[in-house]
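Listed here are the chains, written in short residue letters.
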Amino acid sequence: AIKPREDAEASRAAAEEALEKSKVEFEKQKASRKAAEAARKAAEIARADATKEAQVSNTKKNEAEAKRRQAEDLAQKSAEKRQAAAATRIAAEEAAKNAVMASEAAVAPRKAAENAAQMAMRAVQKASATLNRLESEMQEAGQGSVWWMKRELTDHKRYMSPADLRKIEGF
């Protein structure tokens, strides 16, 4: 009767030992499950963060692309403005050359006009002197013609500028 009892106690001790092992194993599995759950939650958080970072990255990429396009547009406009400025500068240089040439070309006609004006003033002075001399030499005959010529000369002087009259009287 001792043998079955010893066997039962051994069986019971083995069962208790197995129970303890299974409790320890159960606790390990429970801890492992908790760790897996925590890792899953951390992975979900990391995935959500990665998704947010990807969205932020895409937004920044799109903004950078828009800024790049804008910079390219500004560069193109700047190049066009530089070309227009160069064309304007060339046109201005050409206009300046033309103005210098026109100015140089106008000098000769101006001098010719000044010479003609001086000659005309000398002619007026000479005509006036000649009329005065003829008037003093003439007696009664031809006085009407001299008077008429003097009147014509006076009328012409009336339409001359004061500066021209001073020039005539200065000769």
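What you are looking at is a predicted structure, and each value in this text was computed from that prediction instead of being measured.

Novice: Explain the overall build of the protein to me, please; I cannot follow it from the model alone.
Specialist: Tallying secondary structure elements over the protein gives three helices and zero strands in all. Along the protein, helices and strands appear, N-terminal first, in the series α-α-α. What you see for the protein is a C-alpha radius of gyration of 61 Å, clearly larger than the 16 Å of a compact globule of 171 residues, by over 25%. Projected onto its principal axes, the C-alpha positions of the protein cover 200 × 25 × 20 Å. Evaluated residue by residue, the protein yields a buried proportion of 4% over its 171 residues. With the model as given, the accessible surface of the protein reaches about 14400 Å², and the carbon-plus-sulfur share is 58%. Side chains of the protein give 34 positive and 28 negative charges; the mean places of these two sets differ by 2 Å.

Novice: Teacher, can you tell me more about the environment of serine 161 here?
Specialist: Considering the arrangement of structural elements, one finds serine 161 in the loop between α2 (143-158) and α3 (162-170). Residue classification places serine 161 among the partly exposed residues on the basis of a relative accessible area of 30%. As a C-alpha pair, serine 161 and serine 57 span 104 residues in sequence and 85 Å in three-dimensional space.

Novice: Is there a simple way to think about the side chain of serine 128 in this case?
Specialist: You can see serine 128 is positioned in helix α1 (residues 2-137). Residue contacts for serine 128: discarding those within four places in its chain leaves Leu153 and Lys157.

Novice: Would you explain the pattern of salt bridges in this entry?
Specialist: One side chain can pair with another of opposite charge once the charged atoms of both are near each other. Here the structure, examined in full by the defined rule, presents 11 salt bridges. Arginine 12 serves as the salt-bridge partner of glutamate 16, at 3.4 Å between the closest nitrogen and oxygen. Placement of both glutamate 16 and arginine 12 in helix α1 is noted, with a separation of four residues, approximately one turn of the helix. Residue classification places arginine 12 among the exposed residues on the basis of a relative accessible area of 56%. A salt bridge links glutamate 72 to arginine 68, with the nearest nitrogen and oxygen atoms 2.5 Å apart. Remark: arginine 68 and glutamate 72 occur in helix α1; sequence separation between them is four residues, near one turn of the helix. One continuous salt-bridge network, built from bridges that share partners, spans Glu65, Arg68, Arg69 and Glu72.

Novice: Any chance you could explain the nonpolar core here in plain terms?
Specialist: In summary, soluble globular proteins display a tendency toward joint burial of nonpolar side chains. Counting six residues, the largest nonpolar core is built from Met121, Val124, Leu131, Val146, Leu153 and Ile168. Counting residues per element, the ones that place at least two in this core are α1 and α2. Element by element, the count of residues in this core is highest for α1, at three residues. Aside from chain neighbours lying at most four places away, what touches valine 124 is Leu153, Lys157 and Ile168.

Novice: Is there a simple way to explain the packing of α1 against α2 in this structure?
Specialist: If you want to describe how two helices pack, look at the angle between their axes and the distance between the axes. Contact geometry of α1 with α2 gives a least axis separation of 10 Å together with a crossing angle of 150°. Accordingly, the angle class assigned to the pair α1 and α2 is roughly antiparallel. Between α1 and α2 lies a crossing whose hand is left-handed. Residues Val124, Ser128, Leu131, Asn132, Leu134 and Glu135 of α1 touch α2, and the partners they reach there are Gln143, Val146, Met149, Lys150, Leu153 and Lys157. Residue classes in the contact of α1 with α2 are distributed as six nonpolar, three polar and three charged.

Conventions we followed
- Residues numbered from 1 in each chain as written.
- Predicted model: local features only at pLDDT ≥ 70, side-chain atom pairs only at ≥ 80, totals over all residues.
- Heavy atoms only, no water.
- Helix = DSSP H or I, 4+ residues; strand = E, 2+ residues; numbered from the N terminus.
- Rg over C-alpha atoms; globule rule 2.2 N^0.38 Å.
- Buried < 20%, exposed > 50% of the residue type's maximum accessible area, 1.4 Å probe, protein only.
- Areas by Shrake-Rupley, 256 points an atom, 1.4 Å probe, with all protein chains shown as cover.
- Lys, Arg positive; Asp, Glu negative; His and termini not counted.
- Charge placed at Lys NZ, Arg CZ, Asp CG, Glu CD.
- Contact = heavy atoms within 4.5 Å.
- Salt bridge = Lys/Arg side-chain N within 4 Å of Asp/Glu carboxyl O.
- Core = buried A, V, L, I, M, F, W, Y, C linked by side-chain atoms within 4.5 Å.
- Axes fitted to C-alpha atoms, helices over the stretch in contact; angles between N-to-C directions.
- Parallel < 35°, antiparallel > 145°, perpendicular 65-115°, else oblique.
- Left-handed = near helix turned anticlockwise from the far one by under 90°.
- Nonpolar A, V, L, I, M, F, W, Y, C, P; charged D, E, K, R; others polar.

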